[in-house]
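# Descriptive analysis of the structure
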Amino acid sequence: MADRPNSPRGDRRRRQLVDAGVALLGDEGWPGVSTRAVAERAGTNPGLIHYHFGGLAGLHEAVFRQATDLIVGPMAAELLAAPDERAALETMRSLLARAPSDGPGTRLAAELIVGAMRDPALGAVLRDELRQARVLIADRLRLLHPDWPRARLVGAATLITGAIDGVMLHRMIDGDLPVADALSAAEDLLEGRE
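Residues numbered from 1 in each chain as written. Predicted model: local features only at pLDDT ≥ 70, side-chain atom pairs only at ≥ 80, totals over all residues. Heavy atoms only, no water.

Here we take up the packing of aromatic side chains. A full pass over the atoms with the stated rule returns 1 aromatic pair. Note on Trp30 and Phe64: the rings are 6.3 Å apart at their centroids and 20° apart in plane angle, and the pair reads as stacked. In this pair, Trp30 sits in the loop between helix H1 (8-28) and helix H2 (35-42) while Phe64 sits in helix H4 (residues 56-81), placing the two residues 34 residues apart along the sequence. Above the ring of Trp148, the side-chain terminus of Arg152 is found at 4.2 Å from the ring centroid. (Phe/Tyr/Trp six-rings, centres within 6.5 Å; stacked < 30°, edge-to-face > 60°. Helix = DSSP H or I, 4+ residues; strand = E, 2+ residues; numbered from the N terminus. Lys NZ or Arg CZ within 6 Å of the ring centre and 35° of its normal.)

A surface patch of nonpolar side chains, amounting to about 440 Å² of accessible area, comprises Ile113, Met117, Leu169 and Ile173. Mapped onto the nonpolar patch, the elements with two or more residues apiece are helix H6 (104-118) and helix H8 (150-173). Relative to the assigned elements, Met117 resides in helix H6. Since its relative accessible area comes to 70%, Met117 is described here as exposed. (Patch = residues over 30% accessible without salt bridge, like charges linked within 9 Å, V, L, I, M, F, W, Y side chains within 5 Å. Areas by Shrake-Rupley, 256 points an atom, 1.4 Å probe, with all protein chains shown as cover. Salt bridge = Lys/Arg side-chain N within 4 Å of Asp/Glu carboxyl O. Buried < 20%, exposed > 50% of the residue type's maximum accessible area, 1.4 Å probe, protein only.)

In this section: the layout of surface pockets. The method is simple in principle: a probe with the dimensions of a water molecule rolls over the atoms, and the space it marks as empty is what remains. Counted as a void, the largest pocket has a volume near 1100 Å³. For the largest pocket, the lining is made up of 40 residues, of which Ile71, Val72, Met75, Asp165 and Met168 are closest to its centre. Counting residues per element, the ones that place at least two in the lining of the largest pocket are H4, helix H5 (85-98), H6, helix H7 (120-144) and H8. For the lining of the largest pocket, the leading source of residues is H4, giving 11 residues. Per-class residue counts for the lining of the largest pocket are 25 nonpolar, 10 polar and 5 charged. (1 Å grid on protein atoms, 1.4 Å probe; cavity = no way out; pocket = protein on both sides within 12 Å on 5 of 7 lines; lining within 4 Å. Points joined across faces, edges and corners; volume = space filled by probe spheres on them. Nonpolar A, V, L, I, M, F, W, Y, C, P; charged D, E, K, R; others polar.)

Right, let's talk about the pattern of salt bridges for a bit. Going through the model one piece at a time under the given rule, you end up with 8 salt bridges. Of the charged contacts in the structure, one is a salt bridge between Glu129 and Arg65, with a shortest N-O distance of 3.7 Å. Of this pair, Glu129 sits in helix H7 while Arg65 sits in helix H4, and the two are 64 residues apart along the sequence. In this structure Glu129 comes out as partly exposed when scored by relative accessible area, which is 25%. The salt bridge partner of Arg127 is Asp128, with a shortest N-O separation of 3.1 Å.

Here is a general trend for soluble globular proteins: nonpolar side chains tend to be buried in one another's company. Residues Leu17, Leu25, Trp30, Val38, Ile49, Leu59 and Phe64 are the most contacted members of the largest nonpolar core, which totals 23 residues. The set of elements that each furnish at least two residues to this core consists of H1, H2, helix H3 (47-53), H4, H6 and H7. With 6 residues, H1 is the largest single contributor of residues to this core. The contacts of Leu25, once residues within four sequence positions are left out, are Trp30, Val33, Val63, Ala67, Arg107, Leu108 and Glu111. Among the nonpolar cores identified, the runner-up in size contains 11 residues, and Leu79, Ala82, Ala88 and Met92 belong to it. (Core = buried A, V, L, I, M, F, W, Y, C linked by side-chain atoms within 4.5 Å. Contact = heavy atoms within 4.5 Å.)

Turning our attention to the packing of H5 against helix H9 (residues 179-191). The contact between H5 and H9 brings their axes to 10 Å, and the two run at 180°. Considered as vectors, H5 and H9 are oriented roughly antiparallel to each other. Contacts between H5 and H9 involve Glu85, Arg86, Leu89, Met92, Arg93 and Leu96 from the former and Val179, Ala180, Leu183, Ser184, Ala186, Glu187, Leu190 and Glu191 from the latter. Within the contact of H5 with H9, the residues separate by chemical class into 8 nonpolar, 1 polar and 5 charged. (Axes fitted to C-alpha atoms, helices over the stretch in contact; angles between N-to-C directions. Parallel < 35°, antiparallel > 145°, perpendicular 65-115°, else oblique.)

Quick look at H5 now. Helix length check: H5 (14 residues) gives 20 Å between terminal C-alpha atoms against 20 Å at 1.5 Å per residue, within 8%. Within the span of H5, buried status applies to Glu85, Ala88, Leu89, Thr91, Met92, Leu95 and Leu96. An end-on view of H5 places all buried positions within 160° of arc, on one side of the element. Among the exposed residues of H5, those pointing more than 90 degrees away from its buried face are Ala97 and Arg98. (Expected span 1.5 Å × (residues − 1). Arc of directions from axis to C-beta.)

Structure representation (C-alpha cells):
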C-alpha cells in the first residue's frame, strides 16, 4: 500500500477497490484485474489505484491478500477450533462437502496459485501465508501434544498443510475425487488401525 495517511474515507475507498479486484479475479482471472477494470467496477477514478496502492502491483498484492483471507481464513479458523485431530478430520469432511469443486472459491484458489507462480511478489505473499498457517497448526498441535519435540510439531504441521492443499488442488481438477475415502484412511491412521 502506498504511504498515505489513513482516513475513514480513504479506508473505505481502499476496501472498495480491493473488493472490486477480488470480484474481477473470481470472474476473469488476473488478466481481468486491470487498473481500468477495477476502477470501473468500484465506480471510481483509475488514478486512485496509484494513490492508494502505488500502482497496479500494489493493488494486486492487496487483492491477493484479501482473496487468500477469503479462501483460507474460514477453513483455518474452523480447523484450529477443533478439539483434537479426529474432530479436525470431521471438520475437513464437512468443509469439503459444502464447497463445490467448481464454485467461485475454487476459481479464486486457482488464480491465487497462478498468480503466485507468475509473480514473485505474489509468490512471497503466498509463501508467508503458508508459513503462518504452518505456525498456527504447529502451535495447536503443541497444545494437544505438549511432549512432542519441536521438529515433530513442525513436521506434522507441514504434512497437514500439504495434505490439505493437495486434496484441495486434486479436488479442483477432479470433482469426483474420493475425498471421503482419503479422510477415512487418515482417520484409520490416527487410530492406528490397519
